[in-house]
Amino acid sequence: MARAISGVFPAVAICCLALLASARITFPPEVKALRAIHDKLKDPNNNLNWTKSRDPCTSNWTGVICYPDQSDDYLHVGELYDNLFSVLVILINSI
């Protein structure tokens, strides 16, 4: 029994370390830029679904597509896609 438990521990430890290594955040200057855009918009109905306290890439902000970068271990905003621009048109027209 002790042998079985001691064999499980290394496997669990490796899985936990792999999860920690894969946990990434968005590159901070890109978060700052997106939050600055958000601050200038009036979005009372939260059409963008951008929660400022959350990470844009890991919380799936509307219209934001992110990609990992192996060189710095951050997620980077790679694209702002069409749905974002549709929402922006709605917001601009409501001003």
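Residues numbered from 1 in each chain as written. Predicted model: local features only at pLDDT ≥ 70, side-chain atom pairs only at ≥ 80, totals over all residues. Heavy atoms only, no water.

So, on to the nonpolar core. In this structure, Leu34, Leu48, Trp50, Trp61 and Val64 together form the largest nonpolar core, which totals five residues. The residues touching Leu34, leaving out its near neighbours within four places in the chain, are Trp50, Pro56, Trp61, Val64, Val77 and Leu80. (Core = buried A, V, L, I, M, F, W, Y, C linked by side-chain atoms within 4.5 Å. Buried < 20%, exposed > 50% of the residue type's maximum accessible area, 1.4 Å probe, protein only. Contact = heavy atoms within 4.5 Å.)

Moving on, we get to the packing of aromatic side chains. Counted by the stated rule, this structure contains two aromatic pairs. On the basis of an interplanar angle of 70° and a centroid distance of 5.3 Å, the ring pair of Phe27 and Tyr74 is categorised as edge-to-face. Remark: Tyr74 occurs in the loop between strand E1 (64-68) and strand E2 (75-80) and Phe27 occurs in the loop between helix H1 (2-22) and helix H2 (28-40); sequence separation between them is 47 residues. On the basis of relative accessible area, Tyr74 is assigned to the partly exposed category, the value being 26%. (Phe/Tyr/Trp six-rings, centres within 6.5 Å; stacked < 30°, edge-to-face > 60°. Helix = DSSP H or I, 4+ residues; strand = E, 2+ residues; numbered from the N terminus.)

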